[in-house]
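Each chain is listed here by its residues.
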2 protein chains.
Amino acid sequence: MPDQISIQSPADFHVHLRQSKMSELVTPHVQEGGVSLAYVMPNLVPPITSADQAVSYLESLKSLAPSTQFVGTLYLGPELTPDEIAKAARSGVRGVKSYPRGVTTNSDGGIEDYETYFPIFEAMEREGMVLNLHGELPSDIEKGICVMNAEPLFLSHLEKIHRRFPKLKIVLEHATTRAAVEAVKRCGDTVACTITPHHLQLVVDDWAGKPLNFCKPVAKMPDDRQALRDVIREGHPRFFLGSDSAPHPLANKFPSATTHGAPAINDTGATTGVISCGCAAGIYTSSILIPLCATLLESFGALENLEKYVSKNGRDFYGYPVDPATPPLVLKRVQPVGKDGVVPPVYIHPDFVNVSDSDPAKVQVVPFYAGQRLAWEIAQ
Amino acid sequence: MPDQISIQSPADFHVHLRQSKMSELVTPHVQEGGVSLAYVMPNLVPPITSADQAVSYLESLKSLAPSTQFVGTLYLGPELTPDEIAKAARSGVRGVKSYPRGVTTNSDGGIEDYETYFPIFEAMEREGMVLNLHGELPSDIEKGICVMNAEPLFLSHLEKIHRRFPKLKIVLEHATTRAAVEAVKRCGDTVACTITPHHLQLVVDDWAGKPLNFCKPVAKMPDDRQALRDVIREGHPRFFLGSDSAPHPLANKFPSATTHGAPAINDTGATTGVISCGCAAGIYTSSILIPLCATLLESFGALENLEKYVSKNGRDFYGYPVDPATPPLVLKRVQPVGKDGVVPPVYIHPDFVNVSDSDPAKVQVVPFYAGQRLAWEIAQ
């Protein structure tokens, strides 16, 4: 068992860095978690749908974390045009993210029908841009579609787009099922897949009644987790890290029925809505990302593939080669004494230290593994 | 479409009425929900494991709701003896509830191996007592057992006990899957099955990130719900109402990370436990039970089987015939004006009206369908 590991320039090919105060809190965490390159999702409010917006957003991130390389994406929607794709490509925007409507955070403007976007995909193929697919169908209970099978039922869309645009680079994001792993393997070299660290660890039991572990796509069955672990252990070149790290204010992870779910009955007693009392979907890992990946991969015998998972495979697929002049990230094994390797319970933006925890506006985030000890840490 | 329905003496063959203040709050709700006979679960603290305890508990319930008929059960565990079974039967205790260890609320003393209990089952068969099975295996991720398949994987135990004790009356409680419905149908006439109203309505999406809808067994896939609805629509005589109504203080349904899930790190920084931040499993329906059942059965075309589901089938199986002198329960269709048919947002024990909502000791319960309008109500 090694006590030290060196990795060339880790990259996170799927991360949410938000806006305003939350962005101020989490953007510097990318480097803290050991990552040099962050491929940033466009589901802001409003979503990023133009090259100019993307450039301006990346500048705001750069000002918060000057030594991190940020790569931008656009949000697939009816506003996008082939001309805008060409302009975005010239501006360094690398991909376009597709969200099925209503499936996850800020996806209300998501897509319903892929054929509408074939002209966009043609332009992307021409420009060498990457299509990032959130691979779930929206739930439709009458049709038998729910959160547990939404990903397997989506895969025919992936295969259809790939057949129609065989040169278009496509990434199936945050795969959670054996079916998804097998579908990506069946596709050609232009189709890759991100896997989050939390999906390498969690199964359905872990989010049943546990809001901190609730994310979309939901963690699935033990056999699905096994398939995700196996493909990383195998070192398959088209599977790599996209953390889907998604910070949510603690108050949104733990709504209370009284403050968030008050029954919507108006003065005459008519029901004007239903009680939702929903917990925000998302798991936050940016601040601990590479030590977490090392800890998890070691737990299932895949530590020797850590560099492929967190750097080489993704960089090869996207075409961001490592700069050999950059010193590698060095991880060392945690000595289990004191608070060594223990993940902080919460991160709070300094402006909100004295704000009540129940205030939904309070910018504080509980990370994955909070209060638990990781097996690896970044050497100072 | 009828505007009025009469039902002979509805019975709820699986209900949790708790202890002390919570029992004071919810026990009178049984009658309020239209139910005449309540078959009461024994998972108290400590569990009910003797005839004397059962009799004393039923007396306490009777003092809270004198016109409701309460039927008692024992908790299957190593303390039980064949003699105690005989004594319990003489005291009017009707069944013994088996909880797999750790699967649900207060099940830490649950069973691990059924063969140990064969002498108890023999005594029960002799005395005509009913075995009530919580039909789930404990989750064991390494073995592939999780909350989504824990019930199908349990069914071989049901079939094994039935084959060994063909005259023993067995009820598979709160079935949630097509596999369970089919297994019960395959068994002989001594095996029956309760189905909760909430499992006739919910699927996995409804509890994903939504603590109010989280219960055990968890609601499953759309096809499973279809099987539950179909067997009620079919009017199969061995399937009937057991509400599994389970009140939990609101603060336990909505824990906050700061009050309930503080990371367990001691002064030296060592992790002494993991963050759980778990929401209590259980859905509360007692107070609205028969109007809720009418509303749901009508929604999937089974209203004509309402009396079979909520009275006849269960009473026939257990042998509690309707007293023809008792006037029937009359339901009338809700007129959607004002607060007619709207389920209250919360029930609060009068002693706790001024206690903070975040106090875990506050006895207040949010019912299923809170703030929503039912299609049926009890005629005054």
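Definitions and cut-offs
- Residues numbered from 1 in each chain as written.
- Chains lettered and ligands numbered in written order.
- Predicted model: local features only at pLDDT ≥ 70, side-chain atom pairs only at ≥ 80, totals over all residues.
- Heavy atoms only, no water.
- Helix = DSSP H or I, 4+ residues; strand = E, 2+ residues; numbered from the N terminus.
- Pairing = 2+ DSSP bridges.
- Axes fitted to C-alpha atoms, helices over the stretch in contact; angles between N-to-C directions.
- Contact = heavy atoms within 4.5 Å.
- Core = buried A, V, L, I, M, F, W, Y, C linked by side-chain atoms within 4.5 Å.
- Buried < 20%, exposed > 50% of the residue type's maximum accessible area, 1.4 Å probe, protein only.
- Phe/Tyr/Trp six-rings, centres within 6.5 Å; stacked < 30°, edge-to-face > 60°.
- Lys NZ or Arg CZ within 6 Å of the ring centre and 35° of its normal.
- Right-handed = clockwise from strand over helix to strand, strands pointing away.
- Salt bridge = Lys/Arg side-chain N within 4 Å of Asp/Glu carboxyl O.
- pLDDT = per-residue confidence, 0-100.

## With respect to unusual backbone geometry
All names here are of chain A. Backbone torsion omega between K216 and P217 reads -5°, so that peptide bond is classified as cis. Within the secondary structure, P217 is located in the loop between α8 (204-207) and α9 (222-234). At H174, a position not held by glycine, the phi torsion is positive, near 40°. Mapped onto the secondary structure, H174 falls in the loop between β8 (169-173) and α7 (178-186).

## Remarks on the sheet that holds strand β5 (residues 73-75) of chain B
Residue and element names in this part refer to chain B. Here six strands make up an open sheet; going across it, the order is β5-β6-β7-β8-β9-β10 and the pairing parallel. Only two strands of the sheet have a single partner each, and these edge strands are β5 and β10 (239-241). Each adjacent strand pair in this sheet contributes to an overall mean axis angle of 30°, direction not counted. Along the sheet, helix α6 (residues 155-164) contacts β7 (130-134), β8 (169-173) and β9 (191-195); its crossing angle with β8, the most-contacted strand, is approximately 170°.

## Concerning the nonpolar core
Note on soluble globular proteins: their nonpolar side chains tend to be buried together. Formed by 206 residues in total, the largest nonpolar core has its most connected members in A:F121 and B:F121. Setting aside its immediate chain neighbours within four residues, B:F121 contacts B:L76, B:Y114, B:L131, B:I161, B:F165 and B:L168.

## What to know about helix α5 (residues 118-127) of chain B
Among the residues of α5(B), B:F118, B:I120, B:F121, B:A123 and B:M124 are the ones counted as buried. Where α5(B) is buried, its residues touch α4 (82-90), β6 (95-98), β7 and α6 of chain B.

## Observations concerning the sheet that holds strand β10 (residues 239-241) of chain A
Residue and element names in this part refer to chain A. Taken in spatial order, the six strands line up as β5-β6-β7-β8-β9-β10 in an open sheet, and their pairing is parallel. Of all strands in the sheet, those bounded by a partner on one side alone are β5 (73-75) and β10. Between one strand axis and the next, the sheet turns by 30° as a mean value, whatever way the strands run. In the sheet, β5 pairs with strand β6 (residues 95-98) via three bridges, with the strands oriented parallel.

## With respect to the packing of aromatic side chains
One pass over the structure, following the stated rule, counts 35 aromatic pairs over all chains. Residues A:F13 and A:F240 carry aromatic rings whose centres are separated by 5.7 Å and whose planes lie at 70° to one another, so their mutual orientation is edge-to-face. Residue A:F13 is located in strand β2 (residues 11-15), and its partner A:F240 is located in strand β10; the two are separated by 227 residues in the primary sequence. Per residue, the accessibility class of A:F13 equals that of A:F240, and both read buried. When the centroid spacing of 5.9 Å and the interplanar angle of 50° are considered together, the rings of B:F13 and B:Y39 count as tilted. Highlighted residues: B:F13 in strand β2 (residues 11-15) and B:Y39 in strand β3 (residues 37-40), separated in sequence by 26 residues. Since its relative accessible area comes to 1%, B:F13 is described here as buried. Judged by relative accessible area, B:Y39 falls into the buried class, the value being 0%. Here the aromatic cluster, defined as three or more aromatic residues joined through ring pairs, consists of A:F13, A:Y39, A:F240, A:F317, A:Y318 and A:Y320. Just above the ring of B:F165 sits the side chain of B:R164; from NZ or CZ to the centre is 4.6 Å. If you follow B:K169 out to its NZ or CZ, it ends over the ring of B:F317, 4.9 Å from the centre.

## Comments concerning the pairing of β3(B)
Residue and element names in this part refer to chain B. Alternating residues of β3 divide into L37 and Y39 and A38 and V40, and every residue in both groups is buried. Pairing analysis gives three bridges linking β3 to strand β4 (residues 69-71), with the strands arranged parallel. Residue Y39 lies in a different strand from β4, and its bridge partner there is V71. The parallel pair β3 and β4, bridged by helix α3 (residues 51-64), forms a crossover whose chirality is right-handed.

## Notes on the pattern of salt bridges
Residues and elements named next belong to chain A. Under the counting rule described, the total for this entry stands at 30 salt bridges over all chains. Notably, a salt bridge pairs D140 with K143, separated by 3.7 Å at the nearest N-O pair. Given the relative accessible area of 25%, D140 is considered partly exposed. We classify K143 as exposed; its relative accessible area is 66%.

## Details of helix α12 (residues 289-299) of chain B
Where burial is concerned, most of α12(B) is hidden: 10 out of the 11 residues are buried. Immediately downstream of α12(B), the backbone of B:G301 shows phi near 75°, a positive value.

## Some remarks on the environment of B:P10
Residues and elements named next belong to chain B. Topologically, P10 is positioned in the loop between β1 (4-7) and β2. When its relative accessible area of 1% is taken as the criterion, P10 is described as buried. Between the alpha carbons of P10 and F239 there is a distance of 14 Å; along the sequence they are 229 residues apart. Beyond its immediate stretch of four places on either side in the chain, P10 contacts G34, V35, S36, L37, I290, V310, S311, R315 and L329.

## Focus: the confidence of the model for chain A
Residues and elements named next belong to chain A. Mean pLDDT for chain A: 92, with 92% of residues reaching 70 or above. No element of chain A has a lower mean pLDDT than helix α11 (residues 257-260), at 52, and none a higher one than β10, at 99. Contacts of residues 260-275 to residues separated by more than four positions or lying in other chains number 38 contacts, the stretch itself having pLDDT below 50. For this predicted complex, the interface score ipTM comes out at 0.93, while the overall pTM is 0.94.

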